[in-house]
Amino acid sequence: MLESQEMRKVYCDTMIALAKEDPRIVDVEADLTGAHGMKPFKAAYPDRSFNVGIAEANMVGVAAGLSACGKIPFVHSFATFASRRCFDQIAISVCYAGLNVKIVGSDPGVGAELNGGTHMALEDMGIMRTLPGMTVFEPTDSVQLRKALPAIVEHEGPVYIRLFRRQAENVFDDGYEFDLGKADLLRDGSDVTLIASGVCVANALQAAETLAQEGVSARVLNIHTIKPIDADAVIKAASETGALVTAENHNVIGGLGSAVAEVLAEQRPTPLERVGVKDHFGQVGKAPYLMGVFGITAADIAKAARKAIARK
């Protein structure tokens, strides 16, 4: 079921609350304050909100300077611009310098919808995973986002947050406890493990229900921290279920599927099927349509699970 609030509203409300307790938190924008729902933050903390204009590389440089002065800057842009456009500045000014900058890339993958292929980040996790010291996090719903942000503020070092701006499918309840870097077991199972992130988590849960009707017991793991990945959870799932499927709103190259494959290849070779965008650029369309075009629906995940099981 869709949540009643957009992710960006929950994000802004949580950031306002965190900023009240921590004067180090500042907001840096590339002329997308309204798009990211951060106007209330700017109203609450006008002296801690900075709009550098449509100059994302400069935005990262400004954030690096603020961090060097003891602040905790959160920088915001569409995921394409927050990753591809300013990669060198993130690599050198933030990661190489060891600075505490949080980068929020919004509208990843199908979230870009009608903005089309030029604005559709399908490689941003792969880009950010290559950077030493970078933590890569993708929230599933607003509950997880709200629980995660305090931990991200406390974490010393750069973090890339892959943020779906609009309403997400509700997965977690208010009793959920977040642990940065640790996977969430959403459903136990013995025949196959479905490992998903972001908007694909709800699809994985739906796929598990479909498989259950066929007599297949599917475990579902939410790996929200793609780097550093919870290798222990992956190895445990591989050992106990013997087959895995990854599902992500991202290119199959470089993201969650690649991270899981790396763990398996080095520590526990196991049949793995990767569900994601098959190495091509995005296109214009609404999210449900794009999920079908890209092959990341619940039906696609269930199909991949049957294939993985057959390879045991």
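This one's a predicted model, so the numbers in the text were calculated from it and none came from an experiment.

## Observations regarding the UniProt feature "domain: Transketolase-like pyrimidine-binding" (unreviewed entry) in the protein chain
(1) Moving on: Annotation from UniProt places "domain: Transketolase-like pyrimidine-binding" (unreviewed entry) at residues 5–171.
(2) Moving on: The span residues 5–171 shows a helical share of 42% and a strand share of 17%, and its end C-alpha atoms are spaced 14 Å apart.

## Brief notes about the domain arrangement of the protein chain
(1) Moving on: Under the domain assignment, the protein chain is made up of domain 1 (2–169) and domain 2 (184–310).
(2) Moving on: For domain 1 and domain 2, the distance between their C-alpha centroids amounts to 25 Å.
(3) Moving on: The interface is formed by 29 residues belonging to domain 1 together with 35 residues belonging to domain 2.
(4) Moving on: A buried area of about 2400 Å², summed over both sides, lies between domain 1 and domain 2, and 58% of it is on carbon and sulfur atoms.
(5) Moving on: Across the contact surface, domain 1 and domain 2 share 20 residue pairs in polar contact (both at pLDDT 80 or more).
(6) Moving on: For the side of domain 1 that touches domain 2, the secondary-structure elements that each account for two or more residues are α6 (124–129) and β5 (135–137).
(7) Moving on: Element by element, the count of residues in the side of domain 1 that touches domain 2 is highest for α6, at 4 residues.
(8) Moving on: The residue makeup of the side of domain 1 that touches domain 2, split by class, is 13 nonpolar, 9 polar and 7 charged.

## Description of the sheet that holds strand β1 (residues 25–29)
(1) Moving on: With mixed pairing, the 7 strands of this open sheet are ordered in space as β2-β1-β3-β4-β6-β5-β10. Each of the sheet's edge strands pairs with one partner strand only, and the pair in question is β2 (49–51) and β10 (225–227). Each strand of the sheet is rotated relative to its neighbour by a mean of 20°, with strand direction disregarded.
(2) Moving on: Across 5 bridges, the pairing between strand β3 (residues 72–78) and strand β4 (residues 102–106) is parallel. Among the inter-strand pairings, Val 75 is bridged to a residue of β4, identified as Ile 103.

Parameters and conventions
Residues numbered from 1 in each chain as written. Predicted model: local features only at pLDDT ≥ 70, side-chain atom pairs only at ≥ 80, totals over all residues. Heavy atoms only, no water. UniProt positions renumbered as here; feature names shortened; annotations may be inferred. Helix = DSSP H or I, 4+ residues; strand = E, 2+ residues; numbered from the N terminus. Domains from an automatic or database assignment. Contact = heavy atoms within 4.5 Å. Buried area = accessible area lost by both parts, 1.4 Å probe. Polar contact = N/O pair within 3.5 Å; in protein donor to acceptor, adjacent residues only side chain to side chain. Nonpolar A, V, L, I, M, F, W, Y, C, P; charged D, E, K, R; others polar. Pairing = 2+ DSSP bridges. Axes fitted to C-alpha atoms, helices over the stretch in contact; angles between N-to-C directions.

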